[in-house]
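Each chain, letter by letter, is given below.
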Amino acid sequence: MKAAVASQDPLAVGASARIVTHTLMNSGHLGAAVTTATDHSVRLSREIPSPTPESLSVYGSVLLRGAIAAAQDGERSTAHDMLAEAAGAASQLDADSNLCGTAFSPVNTVLHQVNVAVTLGDAGTAIDLARQVDIGRITVTERKASLLIDTARAFFMWGRHEQAYSSLRAAEAAAPEEVSTRPPVCALARDIAILAPPSIKRDTEQFAARIGAFT
């Protein structure tokens, strides 16, 4: 961030703010993450009054990080406001934009809407949003897996264990490391195996054991 500020390049500062927001969020400093995203999105829009595709991509990606942090902090209104602002920016970009290394696009914005919905406990909304996504248009493999994991979380919350299991299997097929190396995903696989109906009980237990969910 210090180097970005020294460069006097608003896009570099905005891109750094996105990374700082992500780091704060992963460290449990959710309030600080939301504040960072809010302050720097306002700063970026002020310093670039005539948006470019690049500035819109950085601006939107900062807001999406902030929205996830707000959702994890239980700030429903703030999360939805940030998502709405990001969606407005995304609507001005091509469907497959990946400017400034952000992978920010209309599709990516919907993926974050799914994540926020399931984080806030809105399983039905998350599933409805996920069904609108053409997964073949997701160009970043990690984000494809993340959508499938979020869908599995939503189905599990909804008591649809078979669909949750199918979504996790699809996530593993897309990006195995995103399933086997993430403790929350392993915990989800274990919970599915414990509560699964007899028709898929054995399959879910074998899947959970294979990814190390019982270790």
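Residues numbered from 1 in each chain as written. Predicted model: local features only at pLDDT ≥ 70, side-chain atom pairs only at ≥ 80, totals over all residues. Heavy atoms only, no water.

Participant: How would you sum up the nonpolar core? Please name residues and give values.
Facilitator: Leu147, Leu168, Ala189, Phe207 and Ile211 are the most contacted members of the largest nonpolar core, which has 35 residues in total. Put simply, the parts of the chain that give this core at least two residues each are helix H6 (106-119), helix H7 (123-131), helix H8 (141-157), helix H9 (161-174), helix H11 (183-195) and helix H12 (198-210). Residue contacts for Ala189: discarding those within four places in its chain leaves Leu168, Phe207, Ala208, Ile211 and Ala213. One finds Ala33, Val34, Ile68 and Ala71 within the second-largest nonpolar core, a separate group that totals 28 residues. (Core = buried A, V, L, I, M, F, W, Y, C linked by side-chain atoms within 4.5 Å. Buried < 20%, exposed > 50% of the residue type's maximum accessible area, 1.4 Å probe, protein only. Helix = DSSP H or I, 4+ residues; strand = E, 2+ residues; numbered from the N terminus. Contact = heavy atoms within 4.5 Å.)

Participant: Give a description of the pattern of salt bridges that names residues and reports values.
Facilitator: Two side chains of opposite charge can pair, provided their charged atoms sit close to one another. Scanning all chains against the criterion turns up 6 salt bridges. Between Glu142 and Arg182 there is a salt bridge, with the nearest N and O atoms lying 3.9 Å from each other. With Glu142 in helix H8 and Arg182 in the loop between helix H10 (176-180) and H11, this pair connects stretches of sequence that are 40 residues apart. Using a relative accessible area of 42% as the deciding quantity, one classes Glu142 as partly exposed. For Arg182, a relative accessible area of 37% gives the class partly exposed. Between Glu178 and Arg182 there is a salt bridge; the shortest N-O distance is 2.7 Å. (Salt bridge = Lys/Arg side-chain N within 4 Å of Asp/Glu carboxyl O.)

Remember that the coordinates give geometry; whether it matters functionally is a separate question.
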